Amino acid sequence: MLLAPGASAPPAPRAAAVAPAARSAPAARPVLGVGSRGAAVRRVQSLLNGRAYPVPVTGYYGTVTARQVRRFQAANGIRVTGKVGPLTWPKLLGPLGGQAAAAPAPASPAPAPPGPGAARVVYLTFDDGPTPAWTPRVLELLARYRAQATFFVVGGNAAAHPELVRQAYAAGHGVGNHTWTHRRLTRLGGGALEAEVGATSAAIHRATGAPVRCLRPPYATVDAASAARARALGLRLVMWDVDSGDWRRPGTGVIADRILGRVRSGDVVLLHDGGGDRSQTVAALQQVLASLSARGFRFSPLCR
Ligand SMILES: [Zn+2]
């Protein structure tokens, strides 16, 4: 990860993961509570994140999930039980349910639900660029595999290299906001969040001519207040399901194995095209694209 000015060491990105807010799938809606596990819990956790009730996507329904469910229920006029049942599911899923009703962010197309015969899709995302050293190499690989991805750009980099932003967008990739100087949203008070995020969206818009639809919070740090401020700027929060850990440079094989071993259809994968030497990322990306293509995955953009 790119370091914010003055930061001494890169904090480990949280394992929190947020699926695209609009993800939907005709899955079962079991009653869930503390102690529940599995795919339905993952889904609830992703939906909570999409509604700006941050919670790690672990597949285990613990006290953190229960607390966020209670907050969601209270905000939506549902009896506060901490369990997800027949009243809470529709509010979590519904496009106009709960806080989303007030969100000006345009709805993104829902990824195709995985199912028998359905195309398998993965959403590759690249943070902290664009950089002249690495972004063109990422773009070249994506083009070779006819893959689309999403770039969450740092505003300062986008302003310095608008041609890379333009090139990515013109190639069909999504371009999202990652703040101007890679700041924690939760520490940006007094209009600083609006300035960091607004200037970045403006730089992207100048390069692409298209509206900016989403924001990835640096360090995955967000709370209800900063999430609401981002939504007020018309931005949807997008985090990830699979963290490649590439920014630590653990080795090409480790990066590729982490992704290939964990990724499931519909997942958002975190990678980086900035913030340091990304040669391992580029090498791992080639392996990931080759392997997932052979397994029938397609690669789609977010935020367009
Ligand atoms: Zn970052």
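All of these numbers come straight from a predicted model, not from anything done at the bench. (Residues numbered from 1 in each chain as written. Predicted model: local features only at pLDDT ≥ 70, side-chain atom pairs only at ≥ 80, totals over all residues.)

1. Side note on the overall build of the chain
Then, in step 1: Each helix and strand in the chain was counted, giving 10 helices and eight strands.
Then, in step 2: Scored against the burial criterion, the 304 residues of the chain give a buried share of 47%.
Then, in step 3: Restricting to contacts in the chain with at least 6 residues of sequence separation, those with at least 24 account for 73%. (Helix = DSSP H or I, 4+ residues; strand = E, 2+ residues; numbered from the N terminus. Buried ≥ 20, exposed ≤ 12 C-beta atoms within 10 Å, placed from the backbone. Contact = placed C-beta atoms within 7 Å.)

2. Considerations on the packing of helix α9 (residues 252-262) against helix α10 (residues 279-294)
Then, in step 1: Interaxial distance between α9 and α10 falls to 8 Å at its minimum, and their mutual angle equals 40°. For the element pair α9 / α10, the angle class is oblique. In the crossing of α9 with α10, the sense of the turn from one axis to the other is right-handed. The segment α9 lies against α10, with T252, I255, A256, I259 and L260 engaging Q280, T281, A283, A284, Q287, V288 and S291.
Then, in step 2: For the contact of α9 with α10, a count of residues per class yields seven nonpolar, five polar and no charged. (Axes fitted to C-alpha atoms, helices over the stretch in contact; angles between N-to-C directions. Parallel < 35°, antiparallel > 145°, perpendicular 65-115°, else oblique. Left-handed = near helix turned anticlockwise from the far one by under 90°. Nonpolar A, V, L, I, M, F, W, Y, C, P; charged D, E, K, R; others polar.)

3. What to know about helix α8 (residues 224-232)
Then, in step 1: Buried residues of α8: S226, A227, A230 and R231, and no others. Projected onto a plane normal to the axis of α8, the buried residues spread over an arc of 140° and lie on a single side.
Then, in step 2: Check the buried side of α8 and you find it contacts α7 (192-208), β4 (214-215) and β5 (236-237).
Then, in step 3: With its phi angle positive at about 85°, G234 sits one or two positions after the end of α8. (Arc of directions from axis to C-beta.)

4. Notes on α7
Then, in step 1: Taking 1.5 Å of rise per residue, 17 residues should cover 24 Å, and α7 covers 24 Å from first to last C-alpha, within 8% of that figure.
Then, in step 2: Of all the positions in α7, only L193, E196, V197, T200, S201, A203, I204 and A207 are classed as buried. When α7 is viewed along its axis, its buried side chains cluster within an angular range of 155° and face the same direction.
Then, in step 3: Buried residues along α7 sit against β2 (150-153), α5 (155-160), α6 (162-170), β3 (174-177), β4 and α8. (Expected span 1.5 Å × (residues − 1).)

5. Observations concerning the packing of helix α4 (residues 135-144) against α10
Two quantities define a packed helix pair, namely the angle between the helix axes and the distance between the axes.
Then, in step 1: One can describe the packing of α4 onto α10 by two numbers: an axis separation of 10 Å at closest approach and a directional angle of 10°. Between α4 and α10, the interaxial angle falls into the category roughly parallel. Between α4, through R137, V138 and L141, and α10, the contact on the second element is made entirely by V282, L285, Q286 and L289.
Then, in step 2: Partitioned by chemical class, the residues of the contact of α4 with α10 number five nonpolar, one polar and one charged.

6. Quick notes on the pairing of strand β1 (residues 120-127)
Then, in step 1: Counted residue by residue, β1 has six buried out of eight residues, so it is predominantly covered.
Then, in step 2: As paired elements, β1 and strand β8 (residues 297-299) share three bridges and run parallel to each other. Bridge pairing in β8 places V122 opposite F299.
Then, in step 3: Judged from the five bridges that link them, β1 and strand β7 (residues 268-272) form a sheet pairing that is parallel. Bridge assignment links T125 to a residue of β7, and that residue is L270.
Then, in step 4: Where β1 and β2 come together, three bridges link them in parallel fashion. Bridge assignment links D127 to a residue of β2, and that residue is F152.
Then, in step 5: Taking the sense of rotation as the criterion, the β-α-β connection linking β1, α4 and β2 turns out right-handed. (Pairing = 2+ DSSP bridges. Right-handed = clockwise from strand over helix to strand, strands pointing away.)

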